[in-house]
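Secondary and tertiary structure notes
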Amino acid sequence: MDLGVRWTLHGDGRTPAPGAVVRPDERLSWPRTAGLGAQHVVAMFGASFVAPVLMGLDPNLAIMMSGVATIVFLLATRGRVPSYLGCSLSFVGVAAVIRAQGGSSATVTGAVFVVGAALFLVGLAVRRFGARIIHAAMPPVVTGAVVMLIGFNLAPVTASTYWPQDQWTALFVMLFTGLAVVCLRGFWSRIAIFLGLIFGYVLSWALDRVFGRIHSADASGKVTDHWRLDLSAVGQADWIGLPALHGPSFEWSAILVALPVVIALIAENAGHVKAVGEMTGDNLDDRLGTAISADGVGSMLSTAVGGPPNTTYSENIGVMAATRVYSTAAYWAAAGFALLFGLCPKFGAVVAAIPGGVLGGITVILYGMIGLLGAQIWINAKVDLRNPLNLVPAAAGIIIGVGNVSMQFTDTFSLSGIALGTLVVITGYHALRAFAPAHLKTQEPLLDEGTSSYDTDGAEGDQRAKS
């Protein structure tokens, strides 16, 4: 069985010729491949260790399980889809909601485990019936609205939790990160979040040295005098050790809050598979279902031991675009480095010490970018928001999601925010479409970003592209 773990040496193994690319089944020399793997780890670091911190989960475990999930993904796709699976930011909002309802870390990981299982089943369905089913159930107007409300639902977390801890540090980190994203080029722009974190660390340390302790809310929300950057736990942490593990706990209220995120993950995976296919010159539509299922399995493995969910990372796709090296050998190296970092508790202590003000500046941009990805889905699919069939369900769902509107059904069961907003968008769109006059339904169906053909015979691998 070909597992995609055999590579031919590209050229002399040093530098690709001008205009040449290193294909997924090729590699450079092993030292250079290891260096590229380390570069991929750096690219995913910024978001991949911020996400578990924001979710209240162990960053060491998150990094380690991202390596495990990446290995599972590479094996499942037989080395045809070079991608790194890092911690998904799409779940930050639902984690905050679950914790606000009194849920523990086990409750969060239990809810996300179910989402991973749902994603796995969706992938199997796509393998069997083709990409058409994604569009039929979740056309671009729906996926765009859901991604948007998930991102913007996070705004109160920044405003009430992180920004008040140190507003001036948050402001300067926001400005620096914004400049890094816009002004830097190539690889450096892909790690702008990581650079913003480093800047925030240095700034917080300098402000502590110059002005002393700050009088503000700490991470628990209590107003006290405290250091902006407290590294006391770093000195006490071991250099080598296993991260803390815990099993998931399943509660229906938490599961219903988390399930809508599966829509964002489907759109995310589809877009990334499409992007990788365009870069490598391979039609990867036949791998879409496998990629979605592999993502689901990776998330299930991670959350089963207390880690966060995972998804394919655009940061690493950007590194490939910049280097023109698409070798999956580099991703195996990156996964190996991630496993080693996960076994270093001192590294986790450094991550856990990120000052609240730094997270405030980072999340202002990060959460907004997540929300605006929904608008990008609308733009790519040419969704006509002048059409009330598209406008009404999207508008209602977004306001419910962003405003955290709640519906109380019984004394023990209610829906609010992300869950209720997603339900309104999906059911509202399909219900209105059933009763809408014909002239409102004449827009030509478009596939979500990341799928370029319909499966005409129901079997994966025999899709024919439509021009």
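A brief report on the enclosed structure follows. Owing to the predicted nature of the structure, the values given are computational and were not obtained by experimental measurement.

What counts as what
- Residues numbered from 1 in each chain as written.
- Predicted model: local features only at pLDDT ≥ 70, side-chain atom pairs only at ≥ 80, totals over all residues.
- Heavy atoms only, no water.
- Helix = DSSP H or I, 4+ residues; strand = E, 2+ residues; numbered from the N terminus.
- Contact = heavy atoms within 4.5 Å.
- Phe/Tyr/Trp six-rings, centres within 6.5 Å; stacked < 30°, edge-to-face > 60°.
- Buried < 20%, exposed > 50% of the residue type's maximum accessible area, 1.4 Å probe, protein only.
- Core = buried A, V, L, I, M, F, W, Y, C linked by side-chain atoms within 4.5 Å.
- Salt bridge = Lys/Arg side-chain N within 4 Å of Asp/Glu carboxyl O.
- Arc of directions from axis to C-beta.
- Patch = residues over 30% accessible without salt bridge, like charges linked within 9 Å, V, L, I, M, F, W, Y side chains within 5 Å.
- Areas by Shrake-Rupley, 256 points an atom, 1.4 Å probe, with all protein chains shown as cover.
- Expected span 1.5 Å × (residues − 1).
- Polar contact = N/O pair within 3.5 Å; in protein donor to acceptor, adjacent residues only side chain to side chain.
- Axes fitted to C-alpha atoms, helices over the stretch in contact; angles between N-to-C directions.
- Parallel < 35°, antiparallel > 145°, perpendicular 65-115°, else oblique.
- Nonpolar A, V, L, I, M, F, W, Y, C, P; charged D, E, K, R; others polar.
- Lys, Arg positive; Asp, Glu negative; His and termini not counted.
- Left-handed = near helix turned anticlockwise from the far one by under 90°.

1. As for the environment of Val112
Turning to its location among the elements, Val112 is positioned in helix 4 (residues 105-129). Taking the C-alpha atoms as reference points, Val112 and Val261, separated by 149 residues in sequence, lie 9.1 Å from one another. Excluding residues within four positions of it along the chain, Val112 makes contact with Phe91, Thr303 and Pro309.

2. Comments concerning the packing of aromatic side chains
Applying the stated rule across the entire model yields three aromatic pairs. Ring centres of Trp7 and Trp30 lie 5.9 Å apart, and the angle between their planes is 85 degrees; this geometry places the pair in the edge-to-face category. One end of the pair, Trp7, is in the segment before strand 1 (8-9); the other, Trp30, is in helix 1 (residues 30-55), with 23 residues separating them in the sequence. Ring centres of Phe176 and Phe199 lie 4.3 Å apart, and the angle between their planes is 5 degrees; this geometry places the pair in the stacked category. You can see Phe176 sitting in helix 8 (residues 167-183) and its partner Phe199 sitting in helix 10 (residues 192-211), a full 23 residues away along the chain. We classify Phe199 as partly exposed; its relative accessible area is 26%.

3. Some remarks on the nonpolar core
With 98 residues, the main nonpolar core has Phe49, Met55, Phe91, Leu288, Ile354, Tyr367 and Trp378 as its most contacted residues. When near neighbours in sequence (up to four residues on either side) are disregarded, Tyr367 contacts Leu54, Val92, Gly151, Leu154, Val157, Thr158 and Tyr162. By size, the runner-up hydrophobic cluster in this structure holds five residues, among which are Leu28, Leu36, Val325 and Ala330.

4. Thoughts on the pattern of salt bridges
Summed over the entire model, instances satisfying the criterion amount to five salt bridges. Residue Arg287 pairs with Asp286 through a salt bridge whose shortest N-O separation is 4.0 Å. Judged by relative accessible area, Arg287 falls into the buried class, the value being 16%. When its relative accessible area of 17% is taken as the criterion, Asp286 is described as buried. Salt bridges sharing common partners tie together Arg80, Asp286 and Arg287.

5. Some thoughts on helix 7 (residues 155-162)
Inspection of helix 7 places Val157, Thr158 and Tyr162 among the buried residues, and these make up the whole buried set. Buried residues of helix 7, seen end-on, are gathered within an arc of 95 degrees and therefore sit on one face of the element. Seen from the buried face of helix 7, the exposed residues on the opposite side, beyond 90 degrees, are Ala159 and Ser160.

6. So, a nonpolar patch on the surface
Nonpolar side chains collect at one region of the surface, where Leu385, Leu391, Val392 and Leu432 lie side by side and expose about 300 Å² of accessible area between them. By the secondary structure assignment, Leu385 is in the loop between helix 18 (356-381) and helix 19 (388-403).

7. Describing helix 16 (residues 328-342)
Since there are 3.6 residues in each turn of an α-helix, residues three or four apart along the chain are aligned in direction. Taking 1.5 Å of rise per residue, the 15 residues of helix 16 would be expected to cover 21 Å, and the 21 Å separating its terminal C-alpha atoms lies within 8% of that figure. Listed as buried for helix 16 are Thr328, Ala329, Ala330, Tyr331, Ala333, Ala334, Ala335, Ala338 and Gly342. Put simply, Ser327 is the residue that caps the front of helix 16, since its side-chain oxygen is 3.1 Å from the backbone nitrogen of Ala329.

8. Section: the packing of helix 2 (residues 59-76) against helix 17 (residues 345-352)
Between helix 2 and helix 17, whose axes approach to 8 Å, the crossing angle comes to 120 degrees. Between helix 2 and helix 17, the angle falls in the class oblique. Between helix 2 and helix 17, the residues in contact are Pro59, Asn60 and Ile63 and Pro345, Phe347, Gly348 and Val351, respectively. Taken together, the residues that form the contact of helix 2 with helix 17 break down as five nonpolar, two polar and no charged.

9. Comments concerning the side chain of Asp295
Along the chain, Asp295 falls in helix 14 (residues 288-304). Nearest to the buried, unbridged Asp295 among oppositely charged side chains is Arg127, at 15 Å. In contact with Asp295, other than residues within four places in its own chain, are Phe73, Leu85, Leu119, Asn269, Asn310, Thr311 and Thr312.

10. A few points about unusual backbone geometry
A positive phi angle, near 55 degrees, is found at Arg78, a position not held by glycine. Residue placement: Arg78 occurs in the loop between helix 2 and strand 3 (85-87). Since its relative accessible area comes to 33%, Arg78 is described here as partly exposed. Phi is positive for Lys382, close to 55 degrees, though the residue is something other than glycine.

11. Overview of the environment of Ile365
Position of Ile365 among the secondary structure elements: in helix 18. The exposure class assigned to Ile365 is buried, which follows from its relative accessible area of 18%. Separated by 188 residues in sequence, Ile365 and Thr177 have C-alpha atoms that sit 8.1 Å apart. If we ignore the near neighbours within four places in the chain, the residues touching Ile365 are Met174, Thr177 and Gly178.

12. Some details on the packing of helix 8 against helix 18
Each packed pair of helices is defined by two parameters, the angle between the axes and the distance between the axes. Two elements in contact, helix 8 and helix 18, have axes separated by 7 Å at closest approach and are oriented at 45 degrees. Regarding the angle of helix 8 to helix 18, the classification is oblique. When the axes of helix 8 and helix 18 are compared, the crossing they make is right-handed. Here Thr169, Ala170, Val173, Met174, Thr177 and Gly178 of helix 8 come into contact with helix 18, specifically with Gly357, Val358, Gly360, Gly361, Ile362, Val364 and Ile365. Residue composition of the contact of helix 8 with helix 18, grouped by class: seven nonpolar, six polar and no charged.

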